[in-house]
Amino acid sequence: MTRMWGPGLRLGLGTAAAAAVLALALPRVAGTSWRPIAQALTHPSPLQLGLLTVLWLAGLWVHTPSLTAALPGLSHRRALLLNLSGSCVSNLLPLGGAAGTVVNWRMARGWGFGSAAFGRWALVTNLADTAVKLLLPGVVLCWFALSGDRGTARLAVPGALGLLLLLVLLSGVVLVGRDDRAVRRAGRTLDRLAARHRRVPAAPEGWGERGARFRAESADLVRRGWARMLGAKVLYALFQALLLWACLVVVGAPAAPLLVASAFVVERLLSMLVITPGATGVVEVGMAGALTALGTPAAPAAAGVLLYRAFVVGMEVPVGGLALGGWWLAHRRAARRVHGAVGVHPAPAVEVVGAHDAGSIPTEGAPRWSTPASAAPGSPSAG
């Protein structure tokens with residue numbers, strides 16, 4: 001109960017904050033009330049909602065190559081499962097990305113991937129996602145700013161900010177990725193902390209050496225798979241923009257490229273401010289404000305934004321929860337079979353595949369089994 005209290009409190013507070021922002025700020029920023037917004041949300045037919053669902057799922061599927069490229073041996077089906085389950089947990093908690101990453105780590109370990117391989121996957125995919133979020137808005141806004149439209153001039157500041165943040169991100173990646181000096185300095189600091197404080201874990205070979213190996217393997221992974229990673233991320237963003245356009249159309253809002261691009265720019269940037277679960281409330285208010293500032297009728301603009309966010313954030317919670325529950329049941333059945341097979345002997349641990357070799361590829365079937373991971377020096381215990 002003590003372990004559940006913290007996440008439960010965060011869930012309750014985050015949900016309350018998101019609901020308060022939506023209820024109070026959205027109608028005021030859009031310049032309307034909830035009654036016309038609710039009426040606009042009744043316009044989509046069941047067939048249209050079904051087509052929107054297909055479009056949403058297609059976007060998730062085209063995103064899987066970026067995940068498989070960052071973790072060699074991961075299938076597209078399992079990549080989709082990681083995406084949905086991690087998003088489900090992340091969207092339930094404020095700053096829930098860490099909790100979603102832990103869930104994905106447990107799943108990857110159960111499939112035979114080592115912690116180091118998963119760490120590279122998490123780092124590389126998050127860097128690629130952030131880079132695309134910062135790049136696409138800047139490109140779109142610069143395009144429209146060059147068109148001379150006075151309305152888009154007000155959106156040039158967010159686009160310039162996105163490009164500036166992208167340059168800072170790329171500069172940091174280049175400085176760290178070009179050699180091991182920065183990594184080794186940080187590793188020596190961690191080694192001193194580990195020697196003085198027991199709570200800081202120590203690395204047998206030293207954190208500097210472990211970090212240098214991690215950096216080299218991550219750089220090699222990016223060199224071999226950067227085209228698939230970025231290409232799939234860009235394609236996924238395009239599918240999301242198309243979904244936004246379709247949501248605006250079905251509620252009766254104008255869906256000119258300028259309107260869709262401006263709202264999508266705001267959504268890309270504000271989605272990184274996860275102070276509420278899934279940045280809910282903050283993103284919707286920003287998107288509705290951008291649309292109404294460009295002349296979109298208030299009620300359809302707010303309704304289209306809510307419908308779009310219901311897919312890209314809301315749908316991931318129940319669908320991801322079902323996917324996570326299915327994985328958990330399969331994991332429990334596999335564990336019972338293993339315990340039944342070994343009798344009184346302790347259950348073997350999952351083999352740490354790819355802990356120091358990004359090219360290790362486990363099979364798609366059941367995980368391979370070996371001696372417990374704790375027997376290997378420096379290896380994390382099996383999850």
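Residues numbered from 1 in each chain as written. Predicted model: local features only at pLDDT ≥ 70, side-chain atom pairs only at ≥ 80, totals over all residues. Heavy atoms only, no water.

Participant: Could you give an account of the overall build of the chain, with specific residues and numbers?
Facilitator: Counting its secondary structure elements, the chain contains 14 helices and two strands. Looking at the 383 residues of the chain, the share that counts as buried comes to 43%. The contacts in the chain between residues at least 6 apart in sequence include a share of 72% that link residues at least 24 apart. (Helix = DSSP H or I, 4+ residues; strand = E, 2+ residues; numbered from the N terminus. Buried < 20%, exposed > 50% of the residue type's maximum accessible area, 1.4 Å probe, protein only. Contact = heavy atoms within 4.5 Å.)

Participant: I'd like a rundown of the layout of surface pockets, residues and numbers included.
Facilitator: Space left empty within the atom packing is revealed by a probe, the size of a water molecule, rolled over the atoms. Considering only enclosed or pocket space, the largest pocket measures out at about 990 Å³ in volume. Taken together, the elements giving at least two residues each to the lining of the largest pocket come down to helix 3 (46-70), helix 4 (76-90), helix 5 (97-110), helix 6 (115-146), helix 10 (207-250), helix 11 (257-270) and helix 13 (298-314). In terms of residues, the lining of the largest pocket owes the most to one element, helix 6, which gives eight residues. Its residues placed into classes, the lining of the largest pocket shows 11 nonpolar, 17 polar and seven charged. (1 Å grid on protein atoms, 1.4 Å probe; cavity = no way out; pocket = protein on both sides within 12 Å on 5 of 7 lines; lining within 4 Å. Points joined across faces, edges and corners; volume = space filled by probe spheres on them. Nonpolar A, V, L, I, M, F, W, Y, C, P; charged D, E, K, R; others polar.)

Participant: Please provide a residue-by-residue account of helix 5, values included.
Facilitator: Between its first and last C-alpha atoms helix 5 spans 20 Å; for 14 residues at 1.5 Å apiece the expected length is 20 Å, and the two agree. Turning to helix 5, its buried residues number three or more, namely G100, V103, N104, M107, A108, R109 and G110. Count one or two residues on from helix 5 and you reach G112, which has phi positive near 100°. (Expected span 1.5 Å × (residues − 1).)

Participant: Lay out the pattern of salt bridges with the relevant residues and their values.
Facilitator: Scanning all chains against the criterion turns up seven salt bridges. Here D220 ties to R223 by a salt bridge, and the two come within 3.8 Å at their closest N and O atoms. Residue D220 and its partner R223 are located together in helix 10, separated by three residues, close to a single helical turn. Overall, D220 belongs to the partly exposed group, its relative accessible area being 30%. With its nearest N and O atoms 2.9 Å apart, the salt bridge here joins R268 to E267. E267 gets classed as buried once you look at its relative accessible area, which sits at 2%. One network of salt bridges, in which partners are shared, links E267, R268, E284 and R309. (Salt bridge = Lys/Arg side-chain N within 4 Å of Asp/Glu carboxyl O.)

Participant: Residues and numbers for the environment of G314, please.
Facilitator: Its place among the elements puts G314 in helix 13. C-alpha separation for the pair G314 and N91, spaced 223 residues apart in sequence, amounts to 8.1 Å.

Participant: I'd love a proper account of the nonpolar core, names of residues and values included.
Facilitator: The biggest cluster of nonpolar side chains holds 50 residues, and the ones touching the most others in it are L52, L243, L244, M287 and Y308. With 12 residues, helix 13 is the largest single contributor of residues to this core. With near-sequence residues (within four places) excluded, Y308 lies in contact with Q240, L243, L244, C247, F264, E267 and M287. Grouped together as the second largest cluster of nonpolar side chains are 23 residues, L67, V103, F118 and W121 included. (Core = buried A, V, L, I, M, F, W, Y, C linked by side-chain atoms within 4.5 Å.)

Participant: Give a detailed account of a positive patch on the surface, specifying residues and quantitative values.
Facilitator: A cluster of basic residues, R185, R188, R192 and R196, forms a positive patch on the protein surface. Since its relative accessible area comes to 66%, R196 is described here as exposed. (Patch = residues over 30% accessible without salt bridge, like charges linked within 9 Å, V, L, I, M, F, W, Y side chains within 5 Å. Areas by Shrake-Rupley, 256 points an atom, 1.4 Å probe, with all protein chains shown as cover. Lys, Arg positive; Asp, Glu negative; His and termini not counted. Charge placed at Lys NZ, Arg CZ, Asp CG, Glu CD.)

Participant: Would you mind going over unusual backbone geometry in detail, with residue names and values included?
Facilitator: With a phi close to 55°, A279 is a non-glycine residue in the positive phi region. Tracing the backbone shows A279 in the loop between helix 11 and helix 12 (282-293).

Participant: If you had to explain the packing of helix 3 against helix 13 to someone new, which residues and values would you point to?
Facilitator: Helix packing geometry: the angle between the two helix axes and the distance between the axes. Where helix 3 contacts helix 13, the axes come no closer than 10 Å and their chain directions differ by 45°. As judged from the angle between their axes, helix 3 and helix 13 are oblique. The crossing of helix 3 and helix 13 is right-handed. Between helix 3 and helix 13, the contacting residues are L49, L52, T53 and W56 on the first element and L307, F311 and V312 on the second. Residue composition of the contact of helix 3 with helix 13, grouped by class: six nonpolar, one polar and no charged. (Axes fitted to C-alpha atoms, helices over the stretch in contact; angles between N-to-C directions. Parallel < 35°, antiparallel > 145°, perpendicular 65-115°, else oblique. Left-handed = near helix turned anticlockwise from the far one by under 90°.)

Participant: With reference to specific residues and values, describe the environment of L49.
Facilitator: Within the element layout of this structure, L49 appears in helix 3. The exposure class assigned to L49 is partly exposed, which follows from its relative accessible area of 33%. Spatially, the C-alpha atoms of L49 and V250 are 8.8 Å apart, while their sequence positions differ by 201 residues. Beyond its immediate chain neighbours, meaning those up to four positions away, L49 contacts P44, L307 and F311.

Participant: Pulling in residues and values, what's your account of a nonpolar patch on the surface?
Facilitator: Residues V222, W226 and L230 make up a contiguous nonpolar surface patch of roughly 270 Å² in combined accessible area. By secondary structure assignment, the location of L230 is in helix 10.

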